[in-house]
Amino acid sequence: LVGRIDRLLEPSPKGDGIAYLPIDPSARATLYFAGLEFRLNPQLTLTPNAVVTTYDRNDQGIRPETDIYLRLTLFIDFE
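Scope of this entry: the structure provided in the associated data block. All residue numbers refer to position in the chain's written sequence, counted from 1. Totals for whole chains, interfaces and linings use every residue, but because this is a predicted model, local features are given only for residues with pLDDT of at least 70 and side-chain atom pairs only at 80 or more, for both listing and counting. Hydrogens are left out, water is left out, and the side-chain values use all remaining heavy atoms of the structure.

### Here's the deal with the environment of Ala-50
Strands here mean DSSP runs of E at least two residues long; helices mean DSSP runs of H or I at least four residues long; both are numbered from the N terminus. For Ala-50, the location among the structural elements is in strand E4 (residues 44–55). The spatial distance from the C-alpha of Ala-50 to the C-alpha of Phe-78 is 26 Å, given a sequence separation of 28 residues. In contact with Ala-50, other than residues within four places in its own chain, are Tyr-32, Phe-33, Ala-34, Tyr-69 and Leu-70. The contact criterion used is simple: two residues touch if any of their non-hydrogen atoms lie within 4.5 Å.

### Here we look at the layout of surface pockets
Grid spacing is 1 Å over the protein atoms alone, the probe is 1.4 Å, and a cavity is where that probe fits but cannot get out, while a pocket is an open set with protein on both sides within 12 Å along at least five of seven lines and lining residues have an atom within 4 Å of a point. Grid points are joined across faces, edges and corners, and a volume is the space filled by probe spheres set on the points. The computed volume of the largest pocket comes to approximately 250 Å³. Along the wall of the largest pocket there are 17 residues; nearest its centre are Val-2, Thr-47, Asn-49, Arg-71 and Thr-73. For the lining of the largest pocket, the elements supplying multiple residues, two or more each, are strand E1 (2–8), strand E2 (29–35), E4 and strand E5 (67–76). Here the lining of the largest pocket takes five residues from E4, the largest share from any one element.

### Examining the pairing of E4
Burial along E4 is one-sided: Thr-45, Thr-47, Asn-49, Val-51, Thr-53 and Tyr-55 are buried, while Leu-44, Leu-46, Pro-48, Ala-50, Val-52 and Thr-54, pointing the other way, are not. Of the strand pairs in this sheet, E2 and E4 are connected by seven bridges, and their pairing is antiparallel. Counterpart to Ala-29 in the pairing with E4 is Tyr-55. Here strand E3 (residues 38–41) runs beside E4; their pairing, made up of three bridges, is antiparallel. When the bridges of E4 are listed, Phe-38 appears paired with Leu-46. Following DSSP output, two strands are said to pair if at least two bridges run between them. From the end of E3 to the start of E4, which pair antiparallel, there are two residues. For E4 and E5, the ladder comprises ten bridges, and the chain directions are antiparallel. By the bridge assignment for E5, Leu-46 is matched with Leu-74. Each residue is assigned to one of three classes by its accessible area relative to the maximum for its type, calculated with a 1.4 Å probe on protein chains only: buried under 20%, partly exposed between the two thresholds, exposed over 50%.

### With respect to the nonpolar core
Throughout, nonpolar core names a set of buried Ala, Val, Leu, Ile, Met, Phe, Trp, Tyr and Cys residues whose side chains join them through atoms within 4.5 Å. Formed by Leu-21, Ile-23, Ala-27, Ala-29, Leu-31, Phe-33, Val-51 and Tyr-55, the largest nonpolar core amounts to eight residues. Of all the elements in the fold, those that place two or more residues in this core are E2 and E4. The leading source of residues in this core is E2, at three residues. Discounting residues that sit within four places of it in the chain, Val-51 has contacts with Leu-21, Leu-31, Tyr-32, Phe-33, Asp-67, Ile-68, Tyr-69 and Arg-71.

### Description of a nonpolar patch on the surface
Judged by side-chain polarity, Leu-1, Leu-36, Phe-38 and Leu-40 come together as a nonpolar surface patch covering roughly 460 Å² of accessible area. Relative to the helices and strands, Leu-36 resides in the loop between E2 and E3. A patch consists of residues exposed above 30% relative accessible area that lack any salt bridge, with like charges linked at up to 9 Å and nonpolar side chains (Val, Leu, Ile, Met, Phe, Trp, Tyr) linked at up to 5 Å. We get accessible surface area from the Shrake-Rupley algorithm with a probe of 1.4 Å; when it comes to residues, only the shown protein chains can shield them. The working definition used for a salt bridge is a side-chain nitrogen of Lys or Arg within 4 Å of a carboxyl oxygen of Asp or Glu.

Given below as structure tokens:
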């Protein structure tokens, strides 16, 4: 089981330019990461996971919509 919470204390002005995890640049955000890790063999790990991003109200008093991303992470150890 994998879990993590990240908090952006200031809006990320270039957040909408992050290709793998865009973040609304107008408001502070909290990111919640959760996943399950499966070790298929000693060199191969598969981790289905989700990222949910919630936002505070921005300077205009608008709360951007919550973003939800489903992802699949593959880790290969070549050693």
